[in-house]
Amino acid sequence: METLTPGRLEEIAAVFAAHHDTGRVIAALVAGSGITLAVPGWTEAAEVSYQAIFPFPHHPLAGHTPSLTLLRKGPLGLLVFNGRFHLYQGYSAAEVAAIPRLAGLLGAPLYVLTNAAGALDPSLRPGDLVVIEDHLNLQGVNALVGEWALWRQPRFPDMTKAYDPTLRRWALAGAREAGFTAQQGVYAGVLGPSFETPAEVRMLRALGGTVVGMSTVQEVIAARHMGMRVLGLSLVTNLAAGLSDTQLTHEEVMEVGAIARPRLAALLRQLVARLEEEINH
Ligand code: HPA
């Protein structure tokens, strides 16, 4: 198996675009653990497994259906990434970042990601949605290390407004319109796959984290480097270790993902409608 290089990724995007008429891509949506994203009113034009797209060894994970769905509505296209690559599965940072980079190469101006996360803020409850306003990269790697940094300018990208303020406002308003409240917060990205110890949870809270998860930050770094605007939504699946008496399990994360699906679906529907409106005016 080959290693992923910028040139190879450009070829992958060219092959995908040659086989699938993406239309004008308005956004890429990424579904995290236990989350399924449906966008009513859009037609499925193609579904391609990640294995068929990405030429590196795959490490499948229960609960993920790893495939890219192309949705179309008239001249517009939406890329829905069902599942992601995680560092804890053994993927490199460049492989983890292949999803946002492919999205960018296919013309997506927006990268909208969802993830499952544990609450560091004890006022949060399972099923709550947090609009990510900033992150802590505690994964010990960076998706831009090496030749990737030179692939796009600037080599040292600014991360001051990594999570787009306008998109965050839209998401908060969308949640209100859908009948629930979402708060903003800081996503602490850790490597995993073990959950945190209670001491680590206290540390992450002290560092300013609102939620903790094992994904997202590499993708956001790569997406910003590609010039995409980013929106990140964390679905709280559990209170982080030490904040409740229950033991943490991957199954719990999956179950809450299923329960909160309608909220997330409502929010994304509104967001996509808003994007369409913006494009049509
Ligand atoms: N910690 C880290 N990642 C997670 C958690 C957690 O508690 N819940 C879901 N993803």
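For the structure itself, look to the data block above.
Quick summary incoming for the structure in this document.

### A look at the overall build of the protein chain
Helix and strand counts for the protein chain come out as 10 helices and nine strands. Computed over the C-alpha atoms, the radius of gyration of the protein chain is 18 Å, within 12% of the 19 Å expected from 2.2 N^0.38 for a compact globule of 281 residues. Seen through its C-alpha atoms, the protein chain measures out along the principal axes to roughly 55 × 40 × 35 Å. By sequence separation, contacts in the protein chain at least 24 residues apart represent 82% of the contacts at least 6 residues apart. As presented, the protein chain carries roughly 11,900 Å² of accessible surface, and 53% of it is formed by carbon and sulfur atoms. Averaging the locations of the 21 positively and 25 negatively charged side chains of the protein chain gives two centres separated by 7 Å.

### Examining the site of the ligand
Close to the ligand lie Ala-116, Ala-117, Gly-118, Phe-195, Glu-196, Val-212, Gly-213, Met-214, Thr-237, Asn-238 and Val-253. With respect to the ligand, the side chain of Glu-196 contributes an N or O atom lying 2.8 Å from a nitrogen atom. Secondary-structure elements contributing two or more residues to the shell around the ligand are strand E5 (110-119), strand E8 (211-213) and strand E9 (229-239). In terms of residue count, E5 provides more of the shell around the ligand than any other element does, three residues in total. In the shell around the ligand, the residues fall into six nonpolar, four polar and one charged.

### Quick look at a nonpolar patch on the surface
A cluster of nonpolar residues, Leu-138, Met-203 and Leu-207, forms a patch on the protein surface that exposes about 260 Å² of accessible area. Mapped onto the elements, Met-203 comes out in helix H7 (residues 198-206). Judged by relative accessible area, which is 44%, Met-203 ranks as partly exposed.

### Observations regarding the nonpolar core
General note: in soluble globular proteins, nonpolar side chains tend to be found buried as a group. In terms of nonpolar packing, the biggest core is built from 54 residues, with Phe-54, Leu-79, Phe-81, Leu-102 and Tyr-111 touching the most fellow members. Non-local contacts of Phe-54, meaning those with residues more than four positions away in its chain, are made with Phe-85, Ala-98, Ile-99 and Leu-102.

### Describing unusual backbone geometry
Cis geometry is found at the peptide bond from Gln-153 to Pro-154, where omega equals -5 degrees. Relative to the helices and strands, Pro-154 is located in the loop between helix H5 (147-151) and helix H6 (165-177). Each neighbour pair has its own omega, and for Gly-192 with Pro-193 the value is 0 degrees, a cis peptide bond. In this model, Thr-216 sits at a positive phi of 75 degrees, which is unusual for a non-glycine residue. With respect to the helices and strands, the residue Thr-216 is situated in the loop between E8 and helix H8 (217-225).

### Observations concerning the pairing of strand E1 (residues 24-31)
Along any regular strand, the residues point their side chains to alternate faces of the sheet. Of all eight residues that make up E1, seven are buried, and the element is covered over most of its length. Looking at chain direction, E1 and strand E4 (residues 76-82) are connected through seven bridges and run parallel. Bridge pairing in E4 places Arg-24 opposite Leu-76. The sheet contact formed by E1 and E5 spans three bridges and is parallel. Bridge pairing in E5 places Val-30 opposite Leu-113.

### So, the packing of H6 against helix H10 (residues 261-280)
Two elements in contact, H6 and H10, have axes separated by 9 Å at closest approach and are oriented at 125 degrees. By the angle between their axes, H6 is oblique relative to H10. Judged by the twist between their axes, the crossing of H6 over H10 is right-handed. Residues Trp-170, Ala-171, Gly-174, Ala-175 and Glu-177 of H6 lie in contact with H10, whose contacting residues are Leu-267, Gln-270, Leu-271, Arg-274, Leu-275 and Glu-278. By residue class, the composition of the contact of H6 with H10 is six nonpolar, two polar and three charged.

### Looking at H6
Between the first and last C-alpha of H6 there are 18 Å, a value that for 13 residues agrees with the 18 Å anticipated at 1.5 Å per step. Here H6 has its buried residues at Leu-167, Arg-168, Trp-170, Ala-171, Leu-172, Ala-173, Gly-174 and Ala-175. Elements that come into contact with the buried residues of H6 comprise E5, strand E6 (129-137), strand E7 (183-189), E9 and H10. If you check the start of H6, you find a side-chain oxygen 3.1 Å away from the backbone N of Thr-166, and it comes from Asp-164. Immediately beyond the C-terminal end of H6, within one or two residues, lies Gly-179, with a positive phi of roughly 95 degrees.

### Focus: the packing of aromatic side chains
Taken as a whole, this structure holds nine aromatic pairs when the rule is applied. On the basis of an interplanar angle of 55 degrees and a centroid distance of 5.3 Å, the ring pair of Tyr-50 and Phe-85 is categorised as tilted. Taken together, the positions of Tyr-50 in helix H2 (residues 50-53) and Phe-85 in the loop between E4 and helix H3 (93-96) put the pair 35 residues apart, joining distant regions of the chain. By relative accessible area, which is 3% here, Phe-85 ends up buried. Measuring from centroid to centroid gives 5.7 Å for Phe-54 and Phe-56, while their planes differ by 20 degrees, and the two rings are stacked. In this structure Phe-54 comes out as buried when scored by relative accessible area, which is 1%. Look at Phe-56 and you get buried, because its relative accessible area is 1%. Through successive ring pairs, a cluster of aromatic residues spans Tyr-50, Phe-54, Phe-56, Phe-81, Phe-85 and Tyr-91. We note Arg-152 situated over the ring of Trp-151; from NZ or CZ to the ring centre the distance is 4.1 Å.

About the cut-offs
Residues numbered from 1 in each chain as written. Predicted model: local features only at pLDDT ≥ 70, side-chain atom pairs only at ≥ 80, totals over all residues. Heavy atoms only, no water. Helix = DSSP H or I, 4+ residues; strand = E, 2+ residues; numbered from the N terminus. Rg over C-alpha atoms; globule rule 2.2 N^0.38 Å. Contact = heavy atoms within 4.5 Å. Areas by Shrake-Rupley, 256 points an atom, 1.4 Å probe, with all protein chains shown as cover. Lys, Arg positive; Asp, Glu negative; His and termini not counted. Charge placed at Lys NZ, Arg CZ, Asp CG, Glu CD. Near = heavy atom within 4 Å. Polar contact = N/O pair within 3.5 Å; in protein donor to acceptor, adjacent residues only side chain to side chain. Nonpolar A, V, L, I, M, F, W, Y, C, P; charged D, E, K, R; others polar. Patch = residues over 30% accessible without salt bridge, like charges linked within 9 Å, V, L, I, M, F, W, Y side chains within 5 Å. Salt bridge = Lys/Arg side-chain N within 4 Å of Asp/Glu carboxyl O. Buried < 20%, exposed > 50% of the residue type's maximum accessible area, 1.4 Å probe, protein only. Core = buried A, V, L, I, M, F, W, Y, C linked by side-chain atoms within 4.5 Å. Pairing = 2+ DSSP bridges. Axes fitted to C-alpha atoms, helices over the stretch in contact; angles between N-to-C directions. Parallel < 35°, antiparallel > 145°, perpendicular 65-115°, else oblique. Left-handed = near helix turned anticlockwise from the far one by under 90°. Expected span 1.5 Å × (residues − 1). Phe/Tyr/Trp six-rings, centres within 6.5 Å; stacked < 30°, edge-to-face > 60°. Lys NZ or Arg CZ within 6 Å of the ring centre and 35° of its normal.

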